[in-house]
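# Tertiary structure, described
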Amino acid sequence: MVLSSTVILVFCLVAFAVIHSALASLPFKRRLMQFIGSKADTLYMPVYSLIAVLTISPLIYLLVYNPGPVLYIVPSPWRWIMVGGQVIAAIVAPRALLDAPHRFKIHSQLSGPNTPKAGALNIKGIYRWIRDPFLLSGIIIIWITPFMTLNLLVIYVLTTIYLYLGSLHWEKRLIAQFGDEYREYQKRVHRIIPYLRGHY
């Protein structure tokens, strides 16, 4: 029974990853721009986020009702410290969006370096200390969960791998968008481990 529930959970995660990756791909965004034009920049993020929530919901539902054997539960007060860390990490994602909105514009992503549409890298805010705050916040939220079950552990391991591979892909996309400016940035700021003093 545990094995079958784990297989179903993995299938749901893989399905989410496939849909998520396809919608985030440049070929899809290019077709979207051709189909609806400049409206794509305004509509893409809210629709993409809604689809992400809808496609991840079955996985969350199954985890709630099929968590598998409990591996550990962190006692108080440590569990609340861990939850506090998760809340802080969750604040990073919207902060990262606010600090670099130009990175998420479709017309900019489809442009080459040193072009007016691509724009400048313009490092500020959280990106002065870390290149991929989404990867770091995701890993923190996952791995300081104050309890762990077998199915949750399997999903967390696979999700971490997916986040890491997605980060590598995102960096390649940023190099395509900003060219040497981003390569220089890579030399000065870590991708996952923050520089507390910042390098920009």
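Everything below is about the structure shown above.
Residues numbered from 1 in each chain as written. Predicted model: local features only at pLDDT ≥ 70, side-chain atom pairs only at ≥ 80, totals over all residues. Heavy atoms only, no water.

Here we come to the overall build of the chain. The helix and strand tally for the chain stands at eight helices and two strands. With respect to the principal axes defined by its C-alpha atoms, the chain has extents near 55 × 45 × 25 Å. Burial status across the chain gives 36% buried among its 200 residues. Counting contacts in the chain only where the partners sit at least 6 residues apart, residues at least 24 apart contribute 76% of the total. Averaging the positions of the 19 positive and the 7 negative side-chain charges in the chain gives two centres separated by 5 Å. (Helix = DSSP H or I, 4+ residues; strand = E, 2+ residues; numbered from the N terminus. Buried < 20%, exposed > 50% of the residue type's maximum accessible area, 1.4 Å probe, protein only. Contact = heavy atoms within 4.5 Å. Lys, Arg positive; Asp, Glu negative; His and termini not counted. Charge placed at Lys NZ, Arg CZ, Asp CG, Glu CD.)

Using the criterion set out here, one finds four salt bridges in the structure. R131 is the salt-bridge partner of E171, the closest N and O atoms lying 2.6 Å from each other. Taken together, the residues E171 in helix α7 (residues 150-178) and R131 in the loop between α5 (106-109) and α6 (133-143) connect sequence positions 40 residues apart. (Salt bridge = Lys/Arg side-chain N within 4 Å of Asp/Glu carboxyl O.)

With that settled, the discussion passes to the packing of aromatic side chains. Per the stated rule, a full pass over the model turns up four aromatic pairs. Taken together, a centroid distance of 5.3 Å and an interplanar angle of 65° make the contact between Y182 and Y185 edge-to-face. Separated by three residues within a single helix, Y182 and Y185 lie in helix α8 (residues 180-188), roughly one turn from each other. Neither Y182 nor Y185 differs from the other in exposure class; each is buried. (Phe/Tyr/Trp six-rings, centres within 6.5 Å; stacked < 30°, edge-to-face > 60°.)

With omega at 0°, the peptide bond leading from S76 into P77 counts as cis. Within the fold, P77 resides in the loop between β1 (70-73) and α4 (78-99). Positive phi values are uncommon outside glycine, yet N122 reaches one of about 55°. The topology assignment puts N122 in the loop between α5 and α6.

Turning to a nonpolar patch on the surface, a few remarks are in order. A surface patch of nonpolar side chains, about 570 Å² in accessible area, is lined by W143, V157, L158, I161, Y164, L165 and L168. For the nonpolar patch, the element with the highest residue contribution is α7, accounting for six residues. Position of I161 among the secondary structure elements: in helix α7. (Patch = residues over 30% accessible without salt bridge, like charges linked within 9 Å, V, L, I, M, F, W, Y side chains within 5 Å. Areas by Shrake-Rupley, 256 points an atom, 1.4 Å probe, with all protein chains shown as cover.)

Our next topic: the side chain of T145. Following the sequence through the fold, T145 ends up in the loop between α6 and β2 (147-149). Reaching out from T145, the side chain makes a polar contact with the backbone oxygen of I141 at a distance of 3.3 Å. When neighbours within four sequence positions are excluded, T145 is seen to be in contact with Y72, M82, Q86, L152 and Y156. (Polar contact = N/O pair within 3.5 Å; in protein donor to acceptor, adjacent residues only side chain to side chain.)

On to the nonpolar core, then. Burial of nonpolar side chains together is a common tendency in soluble globular proteins. Counting 16 residues, the largest nonpolar core has L121, I126, Y127, Y182 and Y185 as the members making the most contacts within it. Going through the elements one at a time, α4, α7 and α8 are the ones with two or more residues in this core. Looking at which element gives the most residues to this core, the answer is α7, with four residues. Not counting the four nearest positions on each side in its chain, L121 is found in contact with H102, R103, F178, E181, Y182 and Y185. If you look at the next biggest cluster of nonpolar residues, it comprises 13 residues, including L9, F16, L59 and M148. (Core = buried A, V, L, I, M, F, W, Y, C linked by side-chain atoms within 4.5 Å.)

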